[in-house]
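Here are the chains, one letter per residue:
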Amino acid sequence: LAQGAPWKPFSPPVLSRGTAFVLPADTDQVLALDLVNGRRLWQKQTDADQILGVSRDRLVLTGGTKGSLLTCDQGALALGFGIKDAGGICGRGLITRDLLLIPTLTGIETVDLGTGKLGELLLTWPKDFGGEALPIQPNQPAAAKAGGANLLLAGSRLFAVGSSKILSYRIS
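Residues numbered from 1 in each chain as written. Predicted model: local features only at pLDDT ≥ 70, side-chain atom pairs only at ≥ 80, totals over all residues. Heavy atoms only, no water.

Spatial strand order, E9-E10-E11-E12: four strands in an open sheet with antiparallel pairing. Strands with a single pairing partner mark the edges of an open sheet, and in this sheet they are strand E9 (94-95) and strand E12 (123-124). Bridging between strand E11 (residues 107-112) and E12 involves two bridges; their strand directions are antiparallel. Along E12, the bridge assignment pairs Ile 108 with Leu 123. (Pairing = 2+ DSSP bridges. Helix = DSSP H or I, 4+ residues; strand = E, 2+ residues; numbered from the N terminus.)

Here you go:
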């Protein structure tokens, strides 16, 4: 890491339409690189620590208690948003067709990807709306709270992989 640079969690690169978007751990820049020749297309300063993906030709970034959507072609700010949970974003979010699902210490918040408007709390940890808690370790207490999670959508199930549990929710 560059001297004095804060540590950031690893954020895998995202590939879209011939461009690699990267968020190196040793810089406060997000970079767009041409996949054919490696040339830097643009770079932009950010305090984000995760690239979640691309939605509607906009790069979705999150970190701390906020997020942003940057245009893929130039890196210009298209939308910015904040979350309600003062504890901040806790885990890797998920992009759906219209919504961004953001895990926090208390539950999952939603952001409309078209407007940037923060929605209602989708659910709270550890289980509400019929979630089944699946212990990761046999000796883990069943009442342990997830306290943030990485989100995954598979078919009609939303999985939240926390530090002590995997939560599973049926969605429609």
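There's plenty left to go through after this.
It is worth spelling out the pattern of salt bridges at this point. For the structure shown, the criterion picks out three salt bridges. Salt-bridge contacts for Arg 17 lead to Asp 57; the nearest nitrogen and oxygen are separated by 3.1 Å. Taken together, the residues span a long stretch of sequence, with Arg 17 in the loop between strand E1 (14-16) and strand E2 (19-22) and Asp 57 in the loop between strand E5 (50-55) and strand E6 (58-63) at a distance of 40 residues. For the salt bridge of Lys 66 with Asp 47, the shortest nitrogen-to-oxygen distance reads 3.1 Å. Remark: Asp 47 occurs in the loop between strand E4 (40-45) and E5 and Lys 66 occurs in strand E7 (residues 66-71); sequence separation between them is 19 residues. Taking the relative accessible area as the measure of exposure, Lys 66 reaches 40% and is therefore partly exposed. Residue Asp 47 is classed as exposed on the basis of its relative accessible area, which comes to 53%. (Salt bridge = Lys/Arg side-chain N within 4 Å of Asp/Glu carboxyl O. Buried < 20%, exposed > 50% of the residue type's maximum accessible area, 1.4 Å probe, protein only.)

Counted according to the given criterion, the structure contains one aromatic pair. Seen in terms of ring centroids, Phe 21 and Trp 42 are 6.0 Å apart; in terms of plane orientation they differ by 45°. Their pairing is tilted. Of this pair, Phe 21 sits in strand E2 while Trp 42 sits in strand E4, placing them 21 residues apart in sequence. Considered together, Phe 21 and Trp 42 belong to a single accessibility category, that of buried residues. (Phe/Tyr/Trp six-rings, centres within 6.5 Å; stacked < 30°, edge-to-face > 60°.)

This part covers the confidence of the model for the protein. Looking at the protein, pLDDT values average 83 and 82% of them are 70 or higher. Confidence drops under a pLDDT of 50 for residues 127-131, and excluding neighbours within four residues, the segment shows nine contacts in the predicted structure. (pLDDT = per-residue confidence, 0-100. Contact = heavy atoms within 4.5 Å.)

Counting residues in hydrophobic clusters, the biggest one holds twelve residues: Val 14, Phe 21, Leu 23, Val 30, Ala 32, Trp 42, Ala 48, Ile 51, Leu 59, Leu 61, Leu 70 and Cys 72. Of all the secondary structure elements, the ones that give two or more residues to this core are strand E3 (29-34) and E6. Every residue in contact with Phe 21, bar those within four places of it in the chain, is listed here: Pro 13, Val 14, Ser 16, Leu 31, Ala 32, Trp 42, Ile 51, Val 54, Leu 59 and Cys 72. (Core = buried A, V, L, I, M, F, W, Y, C linked by side-chain atoms within 4.5 Å.)

Now for unusual backbone geometry. Its identity is not glycine, yet Arg 17 carries a phi of approximately 50°, on the positive side. Its identity is not glycine, yet Arg 56 carries a phi of approximately 55°, on the positive side. Here Arg 56 is to be found in the loop between E5 and E6.

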